[in-house]
Structures are given as structure tokens and as C-alpha cells.
Amino acid sequence: MDMERENHKKAGLFDNFSSLIRKCIFSVLSVGPVPSHLAFIMDGNRRYAKKQNLLERDGYRAGFSVLINVLRYCYELGMKHITVYAFSIDNFKRRPEEVQSLMELMQEKIEELIEEESIVNRLGIRIYFRGNLKLLSEPVRSAVEMAMSKTAGNSKVVLSVCVAYTSTDEIARAVQESCEEKQDEIRERDASNAGNYALEQPIEVADIDRHMYMAGVPDPDIIIRTSGGTRLSNFLLWQSACCLLYSPRALWPEISFWHLVLTIIYFQRNYFYLKEKKKQA
């Protein structure tokens, strides 16, 4: 018992020391521009499991632990928006047993996130799930809805989890809903004899923006794809016209505090170029 108490004390001291080091480094980084929105393509969970001789499910568990750490680091740095690509619509094409295993793991981890003492509630993180949620199984969809409801009062950081998501699905849905909205407006104008509204009011970019799954979220400053990949894989295509892409070679479960530091430095080195591009857009 004494040994256990001593080990716990040492772990607490180490955590406090690590937190102090992070604060010092973040205070230096904060002198320059810091992104307000980071988006992650969490690539490499299965390869990590294979590399470590683990079950695929355990590779995803390791990836979830890394996500918790990344949330803490982003919060400490003062970021307001974090978006992660958790499950693509295309992932439903994988082996049925793999999809079922991932859905069960997702439900388990969502339920952990909304526990009263979880990091989400301690740090005031609000969770949104964005995508075609009708494609999820009923238990997972219930967990998703519960997580959004229970964190609705949190306001310090917004975590957007893209699940049952592809950007092409998002864009197609937004265009369709914009067309339906415009048709309704035209019918109302015609009924009141207000003239040829169809010619006067075409669908604009702002109309489509309003119907996106990511509506209300600022475009990402930088998208990080782990494992060295440089593809966006149908993720935030509409929102990434003027953002940076950073591709560390580490697999997602290998991502550490130092990878985030290097990401911020990369952003700062390219900040003025990025700022100029946004002006031209």
C-alpha cells in the first residue's frame, strides 16, 4: 500500500512538472500567431496495431487516448475549435465484423466522454457530431445525441467529430437543401405576385454554407494528416480552400505534445502567406 501511494505521488509530481513545461513552451508559442481551428485526419490506427502486434480494436483504443491528450494540449494553447475525422461513409464498406467492432468502441468512448468527471466536462468542451447520422446504428446514434445534449452548456472549446461523413455527401446535401429552400421562397413570392424571384435571387455560396454539416464553424487554419499521407480523403473539401496541410510521419497513436508544437511552428512560418491567400479568396 505504501509503495502504491509512493508511485501515485511520483506520478502526480511528474504530471505537474509536465504541465509546467507545457505552459512555458505554449507561452513562448503564443507570442506569435496561433491557429484557432485545428482539424485532424487520424490516420494510422490499424497500422499502429499491426506494428505493436495488437488487435485492431486496441489500435483504435490507443488512438482515443491520444485524442484526449490532444484536446488537453489544444485547450491549454487557447484554441477554440478542434475537428476530427472519426469515421467516413466509405468505412462502412469494410468487413461487417470490423464495422460492428468500431461502432461498439465508438459508443463506449462516447459514453466515457460525457461522464461527469471526464476531460470534456472539466475543460468545458462542447461536442458536435457532424455527418449523415442516420447511417449510424440506433445505440450509437442515441449515444451521439446524448453527448451533444449533455455538453450543450459547455462553451470554452468546440469539438466537431465527423462521423458517417464525407465532404462530397456534405456538399451534395447542402446544395439540395439550398435548392429546396430557394424553391420554397419562389413559391411564396409567386403566391404574393412579387415578380420573377427565380431570376433575381440565384443560389449563392452563403446559401450552401448555411446548410453544411460544418455550418457555424470557421474554416480550419490547418489540417493535420498523420502517417505522412498528403490526401484529404474526402474531408472538409469545401472548407479547406485556404488552409495549410501538415503531414507528420508518425501514426495517429504515436502523436505527442511535440508533434503539436511542430505543427504550431509550421503554421507560424506560413502564417503571412496564408493570410494573403485568404485576402485574395
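Residues numbered from 1 in each chain as written. Predicted model: local features only at pLDDT ≥ 70, side-chain atom pairs only at ≥ 80, totals over all residues. Heavy atoms only, no water.

Caption draft 1: Fine view of the domain arrangement of the protein chain. Annotation of the protein chain at the domain level lists domain 1 (34-165 + 219-280) and domain 2 (167-212). In this structure, domain 1 and domain 2 have C-alpha centres spaced 32 Å apart. Taken residue by residue, the interface counts nine residues in domain 1 and nine residues in domain 2. Between domain 1 and domain 2, roughly 720 Å² of surface is buried when both sides are summed, and carbon and sulfur atoms account for 56% of that area. Ranking the residues of domain 1 by area buried against domain 2 places Tyr 165, Asn 234 and Trp 238 at the top, with a combined share of 71%. Seen at the junction of domain 1 and domain 2, the total is zero salt bridges. Across the contact surface, domain 1 and domain 2 share six residue pairs in polar contact (both at pLDDT 80 or more). Looking at the side of domain 1 that touches domain 2 residue by residue, the class counts come to six nonpolar, three polar and no charged. (Domains from an automatic or database assignment. Contact = heavy atoms within 4.5 Å. Buried area = accessible area lost by both parts, 1.4 Å probe. Salt bridge = Lys/Arg side-chain N within 4 Å of Asp/Glu carboxyl O. Polar contact = N/O pair within 3.5 Å; in protein donor to acceptor, adjacent residues only side chain to side chain. Nonpolar A, V, L, I, M, F, W, Y, C, P; charged D, E, K, R; others polar.)

Caption draft 2: Just the sheet that holds strand S4 (residues 157-165), in detail. Spatial strand order, S3-S4-S2-S1-S5-S6: six strands in an open sheet with parallel pairing. With partners counted over all chains shown, the strands left at the sheet margins are strand S3 (125-130) and strand S6 (244-246), one partner each. Taking the axes of each pair of neighbouring strands and ignoring which way they run, one obtains an average angle of 20 degrees across the sheet. The pairing of strand S5 (residues 222-225) with S6 spans three bridges and is classified as parallel. When the sheet's bridge partners are listed, Ile 223 is paired in S6 with Leu 245. The sheet strands contacting helix H3 (residues 56-77) are strand S1 (37-41), strand S2 (81-88), S3 and S4, and the helix crosses S2 at an angle near 160 degrees. (Pairing = 2+ DSSP bridges. Helix = DSSP H or I, 4+ residues; strand = E, 2+ residues; numbered from the N terminus. Axes fitted to C-alpha atoms, helices over the stretch in contact; angles between N-to-C directions.)

Caption draft 3: Examining the pairing of S5 more closely. The two faces of S5 match: Ile 222 and Ile 224 on one face and Ile 223 and Arg 225 on the other face are all buried. In the sheet, S1 pairs with S5 via four bridges, with the strands oriented parallel. Paired with Phe 40 across the two strands is Ile 224, which belongs to S5. (Buried < 20%, exposed > 50% of the residue type's maximum accessible area, 1.4 Å probe, protein only.)

Caption draft 4: Representation of the packing of aromatic side chains in the model. Within the structure shown, the criterion is met by twelve aromatic pairs. With a centroid separation of 5.8 Å and 90 degrees between ring planes, the pair formed by Tyr 85 and Tyr 165 is classed as edge-to-face. Taken together, the residues Tyr 85 in strand S2 and Tyr 165 in strand S4 connect sequence positions 80 residues apart. Residue classification places Tyr 85 among the buried residues on the basis of a relative accessible area of 9%. Through a chain of ring-to-ring contacts, the aromatic side chains of Phe 26, Tyr 73, Phe 257 and Trp 258 assemble into a single cluster. One cation-aromatic arrangement involves Arg 130 over Tyr 128; the distance from NZ or CZ to the ring centre is 4.5 Å. (Phe/Tyr/Trp six-rings, centres within 6.5 Å; stacked < 30°, edge-to-face > 60°. Lys NZ or Arg CZ within 6 Å of the ring centre and 35° of its normal.)

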